[in-house]
Amino acid sequence: MSELLNGLNDKQKEAAMYVDGPLLILAGAGSGKTRTLTYKIAYLLEEGIVKPWEILAITFTNKAAKEMKTRVESLIGENGNDIWLGTFHSVCVRILKREINLIGYSTDFNIFDELDKEKVIKEVLKKLNIDDKVYPVSLIKYEISNAKDKMIDYVKYKNDAIGDFRKEKIAEVYELYQKTLKQNNALDFDDIIMLTVKIFLENPDRLNYYQNKFKYILVDEYQDTNKVQFILISLLSAAHGKICVVGDESQSIYGFRGADISNILNFEREYPNAKVVKLEENYRSTKNILNAANEVIKNNKSKIDKKLWTENDEGEKICYKTLPNEYEEVEFVVDKIDEICKKENKTYSDFAVLFRTNAQARVLEEVFMRNGTPYKLIGGLKFYSRKEIKDLTSYLKLIQNKDDNISLKRIINEPKRGIGDTALDRLDILATENNISIFELIQDSNNLIGIRSAGNIIMFRDMINELIALKDKIKISELMKEVLKKSGYEDMLNQEDSKESEMRFENLMEFIGVAMEFENETADATLADFLDSIALVSDVDKLDESSEAVTLMTMHSAKGLEFDDVFLVGMEDGLFPSKRSIDEVDGIEEERRLCYVGITRAKERLYITNASKRTLYGSTTYTMPSRFVDEISDDLLDEESQENKSLRKRKSEDYLDNEYSQVDSIISSNNFIPKSTSNKSSFGLSVDSFLKNISGVSSKPSYESKSFNNDYTVGMQVKHKKFGVGVIKKIEEEGEDFKLDIQFENFGFKRLMANFTPLEIIEK
DNA sequence: ACCGTCGCCATTTTT
DNA sequence: TGGCGACGGT
């Protein structure tokens, strides 16, 4: 036997070496799952059991795929590139690029993101004269996506809907939506998987080819696979059954997206000869943290019998703290981080703050910035959904795929070229009538007779044609620069000459930088490849562990990651577990699994916090601690936290009896605040400040307001009382304030808010 | 055609 | 709270 596997424990070794048939690895959090998978691939290759290109390995994120690839390479040498290693989506796109013409799409296809999708649905609703108040876009999006996850195309959906008026309506939308996508030669996320399966089902020879090609299949995070993904994997492994899936049902947190936990629970039923290996030793966390996780998850009914243990130390007790409001909650976090950093030899990247909803991110950002604590926020405002990035992408998508009407509509009048809605509507109708794309329609100037902006449309068309001619002659990054020049986008931003337009331009430059990086990494990089790659990246993929900053993200995004010290913030019933999950039995179980994921991210220390009063979505409420906190027994908490726990329990009851009703009665009995209209009183006082006046409680701490300060310029030398001398590298507008990126001589890079930071200007 | 303003609405998680 | 669409004025 090879020495290769010496780095594994017995169970891991057993899992790595079993390659004869279906294998289910039940891998608890922190049990060395990725390690086992990596070694398994290395073992397969080194033993000569399969060739690299005969391995199909599917991970949950691109980042995980990349990591695995490098690790395999460092274990066995240089041929990791030939392995088919990627997410379900990236692997399927790769297959579709070869096979999609079998189902009547062309290989130039574009991938539509959520925004494109919504646009199409809105258009369809309008065309079908369906009221989007009765059938909201969000609902339809969800219905279509759900159907596709279950392999239900619009024909079947329509059949199933007979007799149900509502469903019949939705079926109509689904049908036209799908036809529109096809006409645009575009796929949405769900199509990528569903159509791949469709090709296999309709073309046995193609299925056969890939069945023979992939002699060994591995799937990571198996608990998060949905029905179509299950079918895909089953089809591909049907011939030889050489399949290894790894997962942990306790970490299944994507049920809302169609992930089907029964895929993993019933694996042994699907594959009766399957071998099962349980990895139960945890290498990540202290005993206290692990016990807390175990205590929480044991309240779930549906789980496979499995208990994590560790030989690590007990570690510190868990800290549970309640703060008056969400601002002070985060201030506590920031102070704690500073305190630990000072005391111990830790860097900011050892910390993570995890939260349930993205809406919480705003306060986190505000307080971190004000305090000068470097942070990286994952998710939230996505780079690729910024207007300017979407615009440039739309140009590229149209250049790549002339049938993409959605992209064309987005940019035909961006920058403004005097082509308005009336003209566009006419083009749209005409194109639909002739069954061609809008871009094709405007190739013939005769089609534009009678349209006032015909001249402008012709100029637009010629410009795009020129860019199309350039497409294969120059590099992607060069093409992007050409687009910005020829389209007048660059001129538009220059003319605007505001802080905002400057920022937009910088974003575009950053985007071009991404393209350059792509060109360097990928041999023969085509525009299509680039567009696919940006459509399929997630925010976590871009997480840079090396940069010294605290990671702020949702618990969902945190899956698969680990940090020394973890803060779980906003642990309040209604927020976490979320209000909407509380009624559903399975809902609360999924939330509990999410909590389990959150807790098990921590290696050394775990902080759990909540605010007794929280303002979210514009309304302020008094909160109750999360039920998950109750599930952690007292002996795992430090003394102060135990007190807080019992106090808070009583206190929240008190709130309901006394304080809350008191405040409530003041509000309702007082004529200052008209209940029906808004939360502003006739004196312009918000409920917040009103409450502050009567009770001395405020949800936002008040800060001394300084005069509005935007005297700073890039390159200026400044002095901060804590960080000393530094140079301003970047200024970004942020509401009425400015973010300043400053490189300090002794304290490194910081991001500060101009209005909250006392800075002395040393030199201009 | 364009731009600004108003009011309504939802509001979990995302490959 | 804020994002988005509808509407109306220029």
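See the structure shown above.
What you see is a predicted model, and the numbers here were worked out from it, not measured in a lab.

Some points on the overall build of chain A
Along its length, chain A carries 31 helices and 20 strands. Counting all 764 residues of chain A, 53% fall into the buried class. A separation threshold of at least 6 residues defines the contact pool for chain A, and within that pool the share at least 24 residues apart is 73%. Within the structure as shown, chain A displays about 35,000 Å² of accessible surface, and the carbon and sulfur contribution to it stands at 48%.

Thoughts on the packing of aromatic side chains
All told, the structure shown has 15 aromatic pairs when counted by the stated rule. Here the aromatic rings of Phe-567 and Tyr-607 are separated by 4.5 Å at their centres, their planes lie at 10°, and the arrangement is stacked. With Phe-567 in strand S13 (residues 563-568) and Tyr-607 in strand S14 (residues 602-616), this residue pair connects regions lying 40 residues apart in the sequence. Taking relative accessible area as the criterion, Phe-567 reaches 0% and is therefore assigned buried. Among the aromatic residues, ring-to-ring pairing joins Trp-84, Phe-200, Tyr-209, Tyr-210 and Phe-214 into one connected group.

Focus: helix H3 (residues 62-76)
Taking 1.5 Å per residue, 15 residues should reach 21 Å; H3 reaches 21 Å between its end C-alpha atoms and fits that length. Against the buried residues of H3 lie helix H2 (33-46), strand S2 (55-59) and strand S3 (84-87). Where H3 ends, the next residue or the one after it, Gly-77, has phi of about 120°, a positive value.

Considering the pairing of strand S10 (residues 351-355)
Within S10, five of the five residues are buried, leaving the element largely enclosed by the surrounding structure. Neither face of S10 is left uncovered, since the one carrying Phe-351, Val-353 and Phe-355 and the one carrying Ala-352 and Leu-354 both have all their residues buried. By the bridge criterion, four bridges tie S10 to S13 in an arrangement that is parallel. If you follow Val-353 over to S13, its bridge partner there is Phe-567.

Quick look at the protein's contact with DNA strand C
Around DNA strand C, a shell composed of Lys-122, Arg-362 and Gly-618 is seen. Close to the protein, within 4 Å, the atoms of DNA strand C are drawn from sugar and phosphate at a rate of 88%. Between a phosphate oxygen of DNA strand C and a side-chain N or O atom of Lys-122, the distance comes to 2.7 Å. In this structure, a phosphate oxygen belonging to DNA strand C sits 3.0 Å away from a side-chain N or O atom of Arg-362.

Digging into the pattern of salt bridges
Under the criterion given, the structure shown has 59 salt bridges. Among the salt bridges present, the one from Lys-141 reaches Glu-118, with a minimum N-O distance of 2.8 Å. Placement of the pair is Lys-141 in helix H6 (residues 137-149) and Glu-118 in helix H5 (residues 114-127), with a sequence separation of 23 residues. The exposure class of Lys-141 is buried, given its relative accessible area of 19%. It is possible to trace a salt-bridge network through shared partners that takes in Arg-284, Glu-316, Glu-344, Lys-346, Glu-562, Asp-564, Asp-565, Lys-603, Glu-604 and Arg-605.

A few points about the protein's contact with DNA strand B
In the vicinity of DNA strand B, 23 residues are found, and the nearest of them are His-89, Arg-356, Asn-358, Thr-422 and Tyr-617. Arg-257 has a polar side-chain atom sitting 3.3 Å from a sugar or linking oxygen of DNA strand B. In this structure, Asn-413 approaches DNA strand B through a side-chain N or O atom, which is 3.0 Å from a phosphate oxygen. Classifying every residue of the surface near DNA strand B gives four nonpolar, twelve polar and seven charged.

The rules behind the values
- Residues numbered from 1 in each chain as written.
- Chains lettered and ligands numbered in written order.
- Predicted model: local features only at pLDDT ≥ 70, side-chain atom pairs only at ≥ 80, totals over all residues.
- Heavy atoms only, no water.
- Helix = DSSP H or I, 4+ residues; strand = E, 2+ residues; numbered from the N terminus.
- Buried < 20%, exposed > 50% of the residue type's maximum accessible area, 1.4 Å probe, protein only.
- Contact = heavy atoms within 4.5 Å.
- Areas by Shrake-Rupley, 256 points an atom, 1.4 Å probe, with all protein chains shown as cover.
- Phe/Tyr/Trp six-rings, centres within 6.5 Å; stacked < 30°, edge-to-face > 60°.
- Expected span 1.5 Å × (residues − 1).
- Pairing = 2+ DSSP bridges.
- Near = heavy atom within 4 Å.
- Polar contact = N/O pair within 3.5 Å; in protein donor to acceptor, adjacent residues only side chain to side chain.
- Salt bridge = Lys/Arg side-chain N within 4 Å of Asp/Glu carboxyl O.
- Nonpolar A, V, L, I, M, F, W, Y, C, P; charged D, E, K, R; others polar.

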